[in-house]
Amino acid sequence: MTAAATRRRTSPDTGQALRLPLTAAQSGMWYAQALDPASPALNTAECLRIDGPLDAGLFAEALRRVTEEAEALRVRVEDTPQGPRQRLLPAVELPLSVHDLRGDKAERRAEAWMRDDLARARDLSRELPFTHALFRVADERWLWYQCIHHLVMDGYGYSLLVRRTAEVYSALAEGADPAPRTFGRLAELVARDAAYRSSEEFAADRAHWKAALADRPEAPRLAGRDALASRTFGRRTAYLPPAITERLRTLAEELRATWPDVLVAAQALYTARVTGRSDVVLGLPLMGRMGSAALRIPGMVMNVLPLRLAVRPSDTLASLVRQVVLGIRDVRRHQRYRYEDIRRDLGLLGEGRALVGPLVNVMPFDYGAAFAGVPARAMNLSTGPVDDLTVNIYDRADGRGLRIDHDGNPALYPHEALAAHQSRFLRLLEQLAGADPQQPLGAYAVASPAEREFVLDECNRTARELPHTTLAGPFESRARETPGATALREGGTALSYEELNARANRLARLLQDEGAKPGALVAVSLPRSTDLVVSLLAVAKSGAAFLPLDPEYPPERLAYMLDDAAPVCAVADRTGRLPEHGRPQLLLDDPGTRERLDACPAVNPPRALTPAHPAYVLYTSGSTGRPKGVVVSHGAIDNRLRWMQDTYRLRSDDRVLQKTPSSFDVSVWEFFWPLREGATLVVAEPGSHRDPARLAATVAEHAVTTCHFVPSMLQVFLAEADASRCASLRRVFCSGEALPRETAHTFARALPEVELHNLYGPTEAAVDVTHHACVPEETGPVPIGAPVWNTRLYVLDPALQPCPPGVTGELHLAGAQLADGYLHRPGLTATRFVADPFGPPGARMYRTGDLARWTVRGEVEYLGRTDHQVKLRGQRLELGEVEAALAALDGVDGACALVREDRPGEQLLVGYTTGTAEPAASRAALARRLPEHMVPSAVVALDAFPLTPNGKLDRGALPAPVFSGGTRRAPEGPREEALTALFAEVLEVEGVGPDDAFFDLGGTSLLAARLVSRVRERLGAELTIGSLFEAPTPAGLAVRTADASAASGDALGVLLPLRGSGSRTPLFAIHPAGGISWCYAGLASRLGPDQPVHGLQAPGLLDSSPLPSSLDEQAAAYVEHLRSVQPHGPYRLLGWSVGGVLAHTVATLLQDEGEEVGLLALLDAFPAEQWREHPAPEEGDALTAVLRMAGFERTSERDHADVLATLRRAGSPLAGLSDHTLARIVDIVPHHAERMREHRHRRYTGDLVFFTAAAPRPEDWLTHLAWRPHVDGAIENHELPCTHPQLLRDEHVGAIADVLAEHLEVPQR
Amino acid sequence: MTATEPGPFDPPADGRDDAFLVLVNSAGDHSLWPDWRAVPQGWRRSFGPDTHGECLRRLSAR
């Protein structure tokens, strides 16, 4: 723009108007308005009260002149193809209305008019962006209202306009000429803006802001969340008393700062405490005007800049104010760079993500305006849109101290909340003004005295005197009172109180002989059973504390816990249940033990037990990789059980279900509560806690009245089980996870007569410390409730000060139920169980790490974690422990773990590794080391971990695991199609193929239950969860459910139709050492829909038929089966391991009978003489064989229970094998090994297709060439880069199928 | 207090050397404690102020 152009005047005749682009500041406002054209939020307004005489006519004239001088006001803003433009109008009619409202409630009526006008959205393309109104509310009192759209004017601009208006008016009133105009022109504003945007300063400012905010924290939100821009705002006005205002000014001087700096510091402190963060970003509206010229132009220039401050409890007010001073100085240097541009540079636009928290708008403009000597006092009506919270502070120097307006987005701050924030802020200012600025900020509390009293005292009035009993005493008293009542039911058997007590007493004596006594530990490792109950009671009676060791845990973990806890002895059912640990084991299945027990007296044993002694030790996940034992005293758990009885009143006709594993502290009340109240404990079958149908059956069968569910299991139970069978229930308890409101509603619909109680508590506080009775009609999050007896709950901010109700903080627990601490971990104990600042002298409190807040009704709501501890289906695990386990694996460089909820409601534990380790192998290795709930559903291998700009791990950027199958062929047949669709539906994964395994697609045991019931519903096919383990693919399940003969039992017959249909010549696949041919299922599906595949399995898997006395005999039996399917050749044969040897033998037998053999394929099978001289480590033993069939190498499994546990944890199909079958395999494997050594090979006439597992192995003498003497044809060898057990795994089966396909002449896919 | 910021009992973020105490009560319980917070009734200072690491060492070696 040339100087000439900017000075162009327009004449009214031509009406030619100057058209200018918008400045960046104006554009920001334009786009904001365009988002919601009907919103009046961008109107700003002010009202000046003029107390004295005023000449309305002169006033109007003054306004007219000022309007002419202020070009920014006289614009139409229009959208054009090049973007929005402002058209400077040469002259406008002054939009001033004058109202004589003298009379009743004049000011009220004026205010109503102003409110209405303010609420009217302006269309800037058609109307003027400003409005004036003058109200005469008394003879000598006038209200001047002006409303200007924020696009054309900012707060500083208002002050220029008002002062000029007063100046002109005053001059006119004297009959003099007003001083010459000084306002700059609109075009100048536009030009300055353009100049800045193309300057080096612009580039420097951009770089500054990017650097300053690159690793910014989340914008602090006092309301805890964001909301959409609102059309209105709520406002609370308060005045800081003059005395305090003065003290603040003095304090500011002492700190070499200004009072606005102190106010900003106070807001930063308030925000930090209410949001629980130390890295706080406030919004600082600044004039944005640099240079004196800029100060002369009324217009929209202001900008909001982020002011980032670190507020720690250890800081002082002095240091915080210094930070503010330096921070603001720094911000001012770069204040011209627009807020919208900063957000765009940081990638925050479009998602509406916030950059700053509350705005602190300190307006020190001197509004001393006088209209011909008559003073005018300004009152702001609106400063523009309020996204979240804006604190406007005015020093109008009118003797009333500072005026403070809290403007809040009504969607986030209802009236009471806004009022509460304001009154707390004022109290904080008062405290700061009167205190020593060198004391730590941690000394200040944000809650008001009333709020403090409420959350610390009123909500925690739970003191109750209780008798000093233990776990043993009350049971023994009850047994005395009602000896004949039924104490225990398991399946069809029942035990009376007297009988149970006697059995427990005998065992208690034996334990005491082994050293059990108060202060000692006894480990107990038993599956759920009567014996488990007896054992726990016995330990309590002996005076010792029990340490439950879940039999399903990996041996390594059990060994660690035994070593760490050092119990004096252990109770188990059989040998091998627990690893050797050098201490006596009492094995209840052992006849010797039973004899000893019979010899013990049946009366209560004496013991010097007090409530202070430990009652139990339970291990929980440790964040650095080592689990830790929590020691809970009798006094603590007794408090919990007495409170429970008083609140829920069990009667003698109640039946409580024992279903929770003993390693989970919920089980403690299942075991000990009913038995002290004369009720009955019903012991559920082991494993049934995972199967909703079985649970419902148990509840129905035993008329259970009381039971516990982890909320995610309750959800599955309500969805999958028949709730109508559970009419006997009176009450259900939920704990372990947050209880979703939808689940509570579903429960109320399904079981309307049954009470649902939500309880909360960590292992470190005797099971549960809070309780809430669910009310069906309520909405919102289900609270965890109020504290139990003799318990105090504290929600504390980062300075360990109590949070007011509604404000989130960390939950701390105090009182009688606190655990003693962590076994052998004094350091850890002292950092988690710390001094209690609010309780009796010397009291402790436990830091839960849970985020929570008090409601005004005195209940606590749970809001998440502060760290990396997670709950997965109610089980607590430290991500750190999973990470440590991953990192310890070979080939893993770095590891991290995460619980992901990519689909709402479905939580998956996912591990991430860098390095060379193969993810599937890592996962399998973890299945060996960690309990089931800690094994990730997937491990994802990354080249490198994603990092934040400051080099920290960016967990948010870790990719979701992609669950997808291998070759994805289309399903064929209606069953396969239906099943594939069901898989996709239940797993919510796209692109599921019929060969994809359920557990590889992210399936969990919860989803398994869902799938099974859908299959039952939709296909009418009876399926158990076990059969899903056996055949985890849609193809596999299709086979099982289609063929009547393929029901679970017949999957173990000699002939196993892996694919019964198809037009081609069948392929017969002979079992490996374990005798089972399921391993060929994957191969079968890859060979295509038209290729029948039949497995041949060892005889006697199902029954006890004798094993063949030679491989020849065995092969002959197979030939018969073969011919029953295919009477004549050409035959196609395949075998893995010993199956290969058998296949070769079958081939020779068929040739003897004159039949043609079209294909003989051997998978890493070697002739007898290669084994005769060697002990055949390859075939180890049954356990190894079974594991190998599943693709695992055996490491620490000691018996078939361990093997099953490993298989189950890894989601292997073979986990469904029954004990009988496994026992048969135990016999079959050595049988094969021996028969093979005795075997003499005959000669086969034809070619051999051989697959070698070419990974290096100790048995380096094995070679396919050893078949040479026994094969009269070509030997075609294919090498695969894997080990023997890995041959039939997903990764390699495809390659084998490809080779076979050529020989079988099936089309390639 | 969050997954990204240290809380009152955590070692401070890099660069700061906040002070911690070891407290003990009459029952012999020990507690880590931040220096900037008043010592609760019934507890007394038995070590510190010193670094987080040093206080932990004292607490663990019992």
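Residues numbered from 1 in each chain as written. Chains lettered and ligands numbered in written order. Predicted model: local features only at pLDDT ≥ 70, side-chain atom pairs only at ≥ 80, totals over all residues. Heavy atoms only, no water.

1. Here we look at the overall build of chain A
Alright, step 1. When its secondary structure is counted, chain A shows 38 helices and 48 strands.
Alright, step 2. With respect to the three principal axes, the spread of C-alpha positions in chain A is 130 × 80 × 50 Å.
Alright, step 3. Classification of the 1309 residues of chain A by burial places 60% in the buried group.
Alright, step 4. In chain A, 73% of the contacts between residues at least 6 apart in sequence involve partners at least 24 apart.
Alright, step 5. Where the 141 positive side-chain charges of chain A centre and where its 167 negative ones centre are 6 Å apart. (Helix = DSSP H or I, 4+ residues; strand = E, 2+ residues; numbered from the N terminus. Buried < 20%, exposed > 50% of the residue type's maximum accessible area, 1.4 Å probe, protein only. Contact = heavy atoms within 4.5 Å. Lys, Arg positive; Asp, Glu negative; His and termini not counted. Charge placed at Lys NZ, Arg CZ, Asp CG, Glu CD.)

2. Examining unusual backbone geometry
Alright, step 1. Looking along the chain, the bond that leaves G1129(A) and enters P1130(A) is cis, with omega of 5°.
Alright, step 2. As for its position among the elements, P1130(A) is in the loop between helix 32 (1111–1125) and strand 45 (1131–1136).
Alright, step 3. Note that the residue after G48(B), namely P49(B), is joined by a cis bond; omega there is 10°.
Alright, step 4. Relative to the elements of secondary structure, P49(B) occurs in strand 3 (residues 43–50).
Alright, step 5. With a phi close to 55°, R256(A) is a non-glycine residue in the positive phi region.
Alright, step 6. Turning to its location among the elements, R256(A) is positioned in the loop between helix 8 (242–254) and helix 9 (259–275).
Alright, step 7. Take R256(A): its relative accessible area is 64%, and that puts it in the exposed class.
Alright, step 8. For V767(A), which is not glycine, the phi dihedral falls at a positive 75°.
Alright, step 9. Along the chain, the position of V767(A) falls in the loop between strand 28 (755–760) and strand 29 (770–773).

3. Considering empty space enclosed by the protein
All names here are of chain A.
Alright, step 1. Here the structure, examined in full by the defined rule, presents eight cavities of 30 Å³ or more.
Alright, step 2. When its volume is computed, the largest cavity comes out at roughly 210 Å³.
Alright, step 3. Taken together, 15 residues make up the lining of the largest cavity; nearest its centre are L189, D193, G288, V301 and R336.
Alright, step 4. Broken down by element, the lining of the largest cavity gets its largest block of residues, four residues, from helix 6 (residues 186–197). (1 Å grid on protein atoms, 1.4 Å probe; cavity = no way out; pocket = protein on both sides within 12 Å on 5 of 7 lines; lining within 4 Å. Points joined across faces, edges and corners; volume = space filled by probe spheres on them.)

4. A look at the pairing of strand 1 (residues 18–21) of chain A
Residue and element names in this part refer to chain A.
Alright, step 1. In strand 1, alternate side chains face the same way, and those of L18 and L20 are buried while those of R19 and P21 on the opposite face are not.
Alright, step 2. Note that strand 1 and strand 4 (residues 83–88) share four bridges and pair antiparallel. Opposite P21, over in strand 4, you have R85 as the bridge partner. (Pairing = 2+ DSSP bridges.)

5. With respect to the state of the cysteines
Residue and element names in this part refer to chain A.
Alright, step 1. The full count for this structure, using the stated rule, is zero disulfides over all chains.
Alright, step 2. In this structure C459 is not part of a disulfide, and its nearest cysteine sulfur, from C803, lies 13 Å away.
Alright, step 3. Of the residues examined, C459 reaches a relative accessible area of 10% and is grouped as buried.
Alright, step 4. Between C600, a free cysteine, and C569, which holds the nearest cysteine sulfur, the sulfur-to-sulfur gap is 13 Å. (Disulfide = S-S within 2.5 Å.)

6. Remarks on the interface of chain B and chain A
Alright, step 1. The partner chain A presents 36 residues to the 27 residues of chain B that form the contact.
Alright, step 2. Counting the surface lost from both chain B and chain A, the interface buries some 2,600 Å², and carbon and sulfur atoms represent 61% of this.
Alright, step 3. Scanning the region where chain B abuts chain A turns up one salt bridge.
Alright, step 4. Put simply, D10(B) and R847(A) hold a salt bridge, and the shortest N to O gap is 4.0 Å.
Alright, step 5. Across the side of chain B that touches chain A, the residue classes break down as 13 nonpolar, seven polar and seven charged. (Buried area = accessible area lost by both parts, 1.4 Å probe. Salt bridge = Lys/Arg side-chain N within 4 Å of Asp/Glu carboxyl O. Nonpolar A, V, L, I, M, F, W, Y, C, P; charged D, E, K, R; others polar.)

7. Focus: the confidence of the model for chain B
Alright, step 1. With 84% of its residues at a pLDDT of at least 70, chain B reaches an overall mean of 88.
Alright, step 2. Model confidence for the complex: the whole-complex pTM is 0.74, and ipTM, which rates the interface, is 0.97. (pLDDT = per-residue confidence, 0-100.)

8. Describing the sheet that holds strand 48 (residues 1275–1280) of chain A
Paired through backbone hydrogen bonds, the strands of a sheet run either parallel or antiparallel to each other.
Residues and elements named next belong to chain A.
Alright, step 1. Here seven strands make up an open sheet; going across it, the order is 42-44-43-45-46-47-48 and the pairing mixed. Unpaired on one side and paired on the other, strand 42 (1055–1059) and strand 48 mark the two borders of the sheet. Going across the sheet, the axis of each strand differs from the next one's by a mean of 20°, ignoring polarity.
Alright, step 2. Looking at chain direction, strand 43 (residues 1067–1070) and strand 45 are connected through four bridges and run parallel. (Axes fitted to C-alpha atoms, helices over the stretch in contact; angles between N-to-C directions.)

9. Considerations on the packing of helix 3 (residues 56–69) of chain A against helix 5 (residues 155–174) of chain A
All names here are of chain A.
Alright, step 1. Interaxial distance between helix 3 and helix 5 falls to 9 Å at its minimum, and their mutual angle equals 130°. For the element pair helix 3 / helix 5, the angle class is oblique. In the crossing of helix 3 with helix 5, the sense of the turn from one axis to the other is right-handed. Of the residues in helix 5, those in contact with L58, F59, E61, A62, L63, R65, V66 and E69 of helix 3 are L161, R164, T165, V168, Y169, L172 and A173. (Parallel < 35°, antiparallel > 145°, perpendicular 65-115°, else oblique. Left-handed = near helix turned anticlockwise from the far one by under 90°.)

10. Digging into the side chain of R900(A)
All names here are of chain A.
Alright, step 1. Among the structural elements, R900 can be located in strand 39 (residues 892–903).
Alright, step 2. Polar contacts involving the side chain of R900 include one to the main-chain carbonyl oxygen of L958, which spans 2.9 Å.
Alright, step 3. Reaching out from R900, the side chain makes a polar contact with the backbone oxygen of P959 at a distance of 3.3 Å. (Polar contact = N/O pair within 3.5 Å; in protein donor to acceptor, adjacent residues only side chain to side chain.)

11. As for the nonpolar core
Residues and elements named next belong to chain A.
Alright, step 1. Membership of the largest hydrophobic core comes to 238 residues, with the highest contact counts inside it found for L511, Y616 and F672.
Alright, step 2. It is helix 9 that provides the largest number of residues to this core, a total of eleven residues.
Alright, step 3. Each residue touching Y616, except ones within four places of it in the same chain, is listed here: A545, F546, V630, V631, V632, I637, D665, V668, A766 and V767.
Alright, step 4. Counting residues in hydrophobic clusters, the runner-up holds 74 residues, among them A1084, L1142, V1229 and L1262. (Core = buried A, V, L, I, M, F, W, Y, C linked by side-chain atoms within 4.5 Å.)

12. Points about the pattern of salt bridges
Residues and elements named next belong to chain A.
Alright, step 1. Summed over the entire model, instances satisfying the criterion amount to 73 salt bridges over all chains.
Alright, step 2. Across the pair R206 and D345 runs a salt bridge, and its minimum N-O distance is 3.4 Å. One end of the pair, R206, is in helix 7 (residues 200–213); the other, D345, is in helix 11 (residues 339–345), with 139 residues separating them in the sequence.
Alright, step 3. Close ionic contact of D1152 with R1242 constitutes a salt bridge, the shortest N to O distance being 2.1 Å.

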